[in-house]
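Report on the structure
Here are the chains, one letter per residue:
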Amino acid sequence: MSVEVERKFVCDAGMWKRLEEIGAVCIGQREIHDQYFDTPDFELTLRDTWLRKREDSWELKCPPAVGKTQETSGEGLEEASLCSRYKEITSLPEIQSRVKEVLKHCAGGSLNADPLPGPLVTVGQVSHEEPGGPEGVGDPWPGELNLRCFAEFTTARRSFTLQEEGVQIDLDQADFGYTVGEIEVLVQEGEEVGSALEKIERAARRLGLTRNLRVEGKMDVYLQRFCPEHYVKLQRAHVL
Ligand code: V4E
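The following paragraphs examine the structure supplied in this document. (Residues numbered from 1 in each chain as written. Predicted model: local features only at pLDDT ≥ 70, side-chain atom pairs only at ≥ 80, totals over all residues. Heavy atoms only, no water.)

**Details of the side chain of Asp38**
Quick reminder of the rule: Helix and strand labels come from DSSP, where a helix needs a run of H or I of at least four residues and a strand needs a run of E of at least two; each type is numbered from the N terminus. Working definition: with a 1.4 Å probe on protein chains only, accessible area under 20% of the residue-type maximum means buried, over 50% means exposed, and in between means partly exposed. Only four residue types enter the charge count: Lys and Arg as positive, Asp and Glu as negative, with His and the chain ends excluded. In the sections that follow, a salt bridge refers to a side-chain nitrogen of Lys or Arg positioned within 4 Å of a carboxyl oxygen of Asp or Glu. In protein, a polar contact requires one atom able to donate a hydrogen and another able to accept it; more generally it is a pair of N or O atoms within 3.5 Å, and residues adjacent in sequence count only if both atoms are side-chain atoms. Any pair of residues with heavy atoms lying within 4.5 Å of one another is described as a contacting pair.
Relative to the elements of secondary structure, Asp38 occurs in strand S2 (residues 25-38). Put simply, Asp38 is tucked away with no salt bridge, and the nearest opposite charge, on Arg47, sits 7.4 Å away. Side-chain polar atoms of Asp38 contact the backbone nitrogen of Leu44, separated by 2.8 Å. Apart from the residues within four sequence positions on either side, Asp38 is in contact with Glu43, Leu44, Thr45, Asn146, Leu147, Arg148, Phe150 and His230.

Right, here's the structure in full:
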């Protein structure tokens, strides 16, 4: 299982030129369609657990077991705090088991709830105007766990690599009008996250990202715009 260590940055008009100047190599571009799922009481995301269907594959991002304080000491702490770390699970049986485990411990007890009246909610399209509206058919398992799609968007992504640093840099343009950059490194669970933080820090300096700003991700902006109640709950829980 891998852990994604990532720092987001503001992608301004000069970023392309800077990437070129420092020798970053474009490794491709693609469109990514994401659907995110949670219970009506936000039981997963309030536990910083992010279930999504990316194209046709299920993915779960959740906090790794290791605490941040074990990774760095003294120098670089501020920079390290700008980086997120999430365990990425891509095996569907593992995702389902992890999701059930999280829901079992929730006060709302989604797993123990009576089945929903009417047809189960299945994976379908939601529009930005009407998030959560079930349409179409798809996998039955999210509905069986009382999970609904709360966010759906498409991202145009251009990816670069800085080979000597061993990092990937993504420039993301979401279809709801938000652009953000990410520097990321994947490490195996249990491996040294500290070296990933150092690689990200070096790449950030080379990109001229000298201001240690916390930059909002696509989900922050999406929820602020389209699901403000959900956003406020996550802010109060210090998840976002
Ligand atoms: C972990 C998380 C979410 C899930 C996806 O987040 P993100 O990595 O921003 O999306 P994306 O499209 O770049 O995925 P990738 O292709 O890299 O796998 S949505 C919100 N969170 C929480 C979160 C957080 N607390 N802090 C930061 C900086 N990012 C995300």
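**As for the nonpolar core**
Within soluble globular proteins, side chains that are nonpolar tend to cluster in buried spots. To keep things clear, this is the line we draw: For this analysis, a nonpolar core means a set of buried residues of the types Ala, Val, Leu, Ile, Met, Phe, Trp, Tyr and Cys, connected via side-chain atoms within 4.5 Å.
Counting residues in each nonpolar core, the largest one holds 26 residues, and the members touching the most others are Val5, Ile169, Ile183 and Leu207. Elements represented by at least two residues in this core include exactly strand S1 (2-9), helix H1 (15-21), strand S6 (148-162), strand S7 (167-174), strand S8 (178-188) and helix H5 (193-206). Per element, the largest residue contribution to this core is 6 residues, and it comes from H5. Excluding anything up to four places from it in sequence, Ile169 contacts Phe9, Leu19, Arg158, Ser159, Phe160, Leu162, Glu182, Ile183 and Leu207.

**Notes on the pairing of S7**
What counts here: The rule for pairing is simple: two strands pair if DSSP sees at least two bridges between them.
Burial analysis of S7 places 6 of its 8 residues in the buried class, the great majority of the element. Looking at chain direction, S6 and S7 are connected through 8 bridges and run antiparallel. When the bridges of S7 are listed, Ser159 appears paired with Asp170. Between S6 and the antiparallel strand that follows it, S7, lie 4 residues; Gly166 among them carries a positive phi value of about 70 degrees. Relative to S8, S7 runs antiparallel, the two being bridged by 7 bridges.

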